[in-house]
Amino acid sequence: MPGWVPLPMEPSNNPIAEEKFQLGRHLFYDTDLSGNGTISCESCHQQDKAFTDGRVRPVGATGEVHPRNAQSIANAAWLRTLTWGNPALTEIEQQVVVPLFGIDPVEHGINEANQDMVLARLQEKPEYQSLFAAAYPEQDDPLFGELAWQNIVRSLSSFVRGMTSFRSDFDRYNAGDVGALSASAKRGMNLFNSERLECFHCHEGYTLTASVRDRRITPTVPAPFNNTGLYNIDGISGYPAPNTGKYELSGNPADMGRFRPQSLRNVALTAPYNHDGSTATLRDVIRNYAAGGRNITTPPHVGDGRMNVNKDPFIVSFTISEAEIDDVVAFLESLTDHELINDPRYANPWLDVTVQDTAP
Ligand code: HEC
Ligand code: HEC
């Protein structure tokens, strides 16, 4: 991690440690950690796609389709809130429980009835004996004892927290390598930071999102959630349920359609876009912003998002040429960390084992 990046927050009951990171990495890639043995975190968070899945919406262990698009998990340690629209999820430890045990939708499909069986599958694997012992040396029996599930959640969280991504051309440029960005990407960066496009207000700073926290910043305002005018169902500013954003939890009509501003790091690898995967390409995202929202004229979600009453004041229409769109896309592409997607540290550790097993 470069020295100019402030250290992320770290919960006192789960301090960062390499052994927990490595155990978490094994669990992240293990389909045995699911009710029917078919799904791992990787199913929806794949390294070559900056830990997204390339689908409009992902599919869980029992075939249930998730209502929202899979998010990248790199740099999650710096986010003020986790997931697209939930202001209450502020700790990675809370978030990780959702895919494991959630029922709406079912992702890993672990529940009261099968959790002992799932754990037994892990307990049978020789690799986990030493991995758990190394991660929790203070416990007598970290894999078979009563803290086993807590240990699983904390290790997975450590893996997520330890996954950092600050090695893009944009980072090299900021570190003083003026040649790291093409002329087009530089023009795009200036457009991105201009009062014409307004992007930087919500996608700001070293994380490229206003939803940031670290050890220096003590936030004084509530975590940001913005309505970007994607929908206006029935002309009453509705968003299609259940994807109503912050409103889903608060019930406050002003929160309808307000979602967390995404980090734009690695965004060129994470298509399709927006909370429901409803925008196919980066050009389409930029066109929606240029129009000041999205006007949908064909069912099922007909409505003029440009007229949404909850739209953020910074979502204003602007004129932009095709060449300028190319420049903004070039800038967004400069946020790609090619080392992240090839870094053996974040890769599937079980594949290494297979290679060793088959070696002569
Ligand atoms: C079935 C697909 C699926 C599986 C399996 C899955 N996730 Fe996710 N993940 C998602 C989706 C979809 C979201 C966005 C959720 C939302 O907004 O409600 C998400 C969000 C996240 C986030 C929040 C990222 C952010 O930017 O706030 C983290 C962290 C995360 N997942 C980690 C994990 C871990 C760890 C596992 C394995 C225990 C896992 N996920 C398994 C689909 C999945
Ligand atoms: C008012 C705050 C705000 C402004 C201004 C803004 N964005 Fe966003 N951006 C968001 C929010 C919130 C989302 C998620 C919206 C959703 O999916 O409902 C988002 C999503 C995106 C996404 C999709 C990310 C993903 O992972 O799917 C991209 C790309 C993006 N913005 C780029 C831009 C660009 C380029 C501009 C300037 C033209 C811009 N944004 C201006 C708040 C903003």
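Note that the coordinates shown come from a computational prediction; the quantities given were computed from them, not determined experimentally.

1. Considerations on the overall build of the protein chain
Then, in step 1: On a plain count of helices and strands, the protein chain comes out with twelve helices and two strands.
Then, in step 2: When the helices and strands of the protein chain are placed in sequence order, the string is α-α-α-α-α-α-α-α-α-β-β-α-α-α.
Then, in step 3: A principal-axis box enclosing the C-alpha atoms of the protein chain has dimensions of 65 × 50 × 45 Å.
Then, in step 4: Nonlocal contacts in the protein chain, meaning residues at least 24 apart in sequence, comprise 68% of its contacts between residues at least 6 apart.

2. Let's talk about the UniProt feature "domain: Cytochrome c" (unreviewed entry) in the protein chain
Then, in step 1: Per the UniProt annotation, the sites labelled "domain: Cytochrome c" (unreviewed entry) are residues 19–186 and 183–336.
Then, in step 2: Secondary structure content for residues 19–186 is 38% helix and 0% strand, and the end C-alpha separation is 41 Å.
Then, in step 3: Segment residues 183–336 splits into 23% helix and 3% strand. End C-alpha atoms: 17 Å apart.

3. Some remarks on the layout of surface pockets
Then, in step 1: Considering only enclosed or pocket space, the second largest pocket measures out at about 260 Å³ in volume.
Then, in step 2: Taken together, the residues that form the lining of the second largest pocket break down as nine nonpolar, two polar and three charged.

4. Let's talk about unusual backbone geometry
Backbone geometry follows two general trends: most residues other than glycine have a negative phi, and most peptide bonds adopt the trans configuration.
Then, in step 1: A cis amide bond links Ala241 to the next residue, Pro242, at an omega of 0 degrees.
Then, in step 2: In this structure, Pro242 sits in the loop between α7 (183–192) and α8 (247–250).
Then, in step 3: In this chain, Pro299 is followed by Pro300 through a cis amide linkage whose omega measures 10 degrees.
Then, in step 4: Tracing the backbone shows Pro300 in the loop between β1 (295–296) and β2 (303–304).
Then, in step 5: Notably, Thr83 is not glycine yet its phi reads approximately 75 degrees, a positive angle.
Then, in step 6: Looking at the element boundaries, Thr83 is found in the loop between α1 (18–28) and α2 (92–101).
Then, in step 7: The phi angle at Asp234 is positive, at roughly 60 degrees, despite the residue not being glycine.
Then, in step 8: Locating Asp234 in the fold gives a position in the loop between α7 and α8.

5. Observations regarding the packing of aromatic side chains
Then, in step 1: Here the structure, examined in full by the defined rule, presents 15 aromatic pairs.
Then, in step 2: With 5.1 Å between their ring centres and 55 degrees between their planes, Phe21 and Phe159 make a pair best called tilted. Residue Phe21 is found in helix α1, and its partner Phe159 is found in helix α5 (residues 148–161); the two are separated by 138 residues along the sequence.
Then, in step 3: Note on Phe159: relative accessible area 0%, which makes it buried.
Then, in step 4: Pairing Tyr128 with Trp350 gives two aromatic rings, centres 5.5 Å apart and planes at 75 degrees, and the pair type is edge-to-face. Residue Tyr128 is located in helix α4 (residues 126–135), and its partner Trp350 is located in helix α12 (residues 349–358); the two are separated by 222 residues in the primary sequence.

6. Remarks on the site of ligand 1
Then, in step 1: Taken together, 28 residues sit near ligand 1, with Cys41, Cys44, His45, Arg68 and Thr83 positioned nearest.
Then, in step 2: Contact between ligand 1 and Thr83: an oxygen atom at 2.7 Å from a main-chain N or O atom of the residue.
Then, in step 3: The backbone of Trp84 places a nitrogen or oxygen atom 3.0 Å from an oxygen atom of ligand 1.
Then, in step 4: Counting residues per element, the ones that place at least two in the shell around ligand 1 are α2 and α5.

7. Description of the pattern of salt bridges
Then, in step 1: All told, the structure shown has 22 salt bridges when counted by the stated rule.
Then, in step 2: Arg345 is the partner of Glu18 in a salt bridge, and the nearest nitrogen-oxygen pair spans 2.8 Å. Pair noted here: Glu18 is in helix α1 and Arg345 is in the loop between α11 (338–342) and α12, with a separation of 327 residues, a long-range link.
Then, in step 3: Accessibility expressed as a relative area gives 39% for Glu18, which makes it partly exposed.
Then, in step 4: Taking relative accessible area as the criterion, Arg345 reaches 32% and is therefore assigned partly exposed.

8. Some words on the coordination of the iron atom of ligand 1
Then, in step 1: Coordination of the iron atom of ligand 1 by the protein involves just one donor, His45 (NE2), at a distance of 2.1 Å.
Then, in step 2: When you line up the elements, His45 lands in the loop between α1 and α2.

9. A look at empty space enclosed by the protein
Empty space among the atoms becomes apparent when a probe as large as a water molecule is rolled across them.
Then, in step 1: Counted according to the given criterion, the structure contains one cavity of 30 Å³ or more.
Then, in step 2: The space that makes up the largest cavity amounts to roughly 50 Å³.
Then, in step 3: As for the largest cavity, its lining consists of Thr228, Leu230, Asn274, Val285, Asn288 and Tyr289.
Then, in step 4: Class assignment for the residues of the lining of the largest cavity results in three nonpolar, three polar and no charged.

10. Some remarks on the site of ligand 2
Then, in step 1: By nearness alone, 26 residues border ligand 2, and Cys199, Cys202, His203, His275 and Tyr289 come closest of all.
Then, in step 2: Interatomic distance of 2.8 Å between a side-chain N/O atom of His203 and a nitrogen atom of ligand 2.
Then, in step 3: Asn274 is positioned such that a nitrogen or oxygen atom in its backbone is 2.8 Å from an oxygen atom of ligand 2.
Then, in step 4: Per element, the largest residue contribution to the shell around ligand 2 is three residues, and it comes from helix α9 (residues 282–290).

11. Section: the nonpolar core
Then, in step 1: The biggest cluster of nonpolar side chains holds 39 residues, and the ones touching the most others in it are Leu33, Tyr128, Ile152 and Leu156.
Then, in step 2: Of all the secondary-structure elements, those providing two or more residues to this core are α1, α2, α3 (115–123), α4 and α5.
Then, in step 3: At seven residues, α5 tops the list of elements feeding residues into this core.
Then, in step 4: If we ignore the near neighbours within four places in the chain, the residues touching Ile152 are Leu27, Leu33, Leu119, Leu122 and Phe132.

Thresholds applied
Residues numbered from 1 in each chain as written. Chains lettered and ligands numbered in written order. Predicted model: local features only at pLDDT ≥ 70, side-chain atom pairs only at ≥ 80, totals over all residues. Heavy atoms only, no water. Helix = DSSP H or I, 4+ residues; strand = E, 2+ residues; numbered from the N terminus. Contact = heavy atoms within 4.5 Å. UniProt positions renumbered as here; feature names shortened; annotations may be inferred. 1 Å grid on protein atoms, 1.4 Å probe; cavity = no way out; pocket = protein on both sides within 12 Å on 5 of 7 lines; lining within 4 Å. Points joined across faces, edges and corners; volume = space filled by probe spheres on them. Nonpolar A, V, L, I, M, F, W, Y, C, P; charged D, E, K, R; others polar. Phe/Tyr/Trp six-rings, centres within 6.5 Å; stacked < 30°, edge-to-face > 60°. Buried < 20%, exposed > 50% of the residue type's maximum accessible area, 1.4 Å probe, protein only. Near = heavy atom within 4 Å. Polar contact = N/O pair within 3.5 Å; in protein donor to acceptor, adjacent residues only side chain to side chain. Salt bridge = Lys/Arg side-chain N within 4 Å of Asp/Glu carboxyl O. Donors = N, O, S within 2.8 Å, 3.2 Å for Na, K, Ca; no water. Core = buried A, V, L, I, M, F, W, Y, C linked by side-chain atoms within 4.5 Å.

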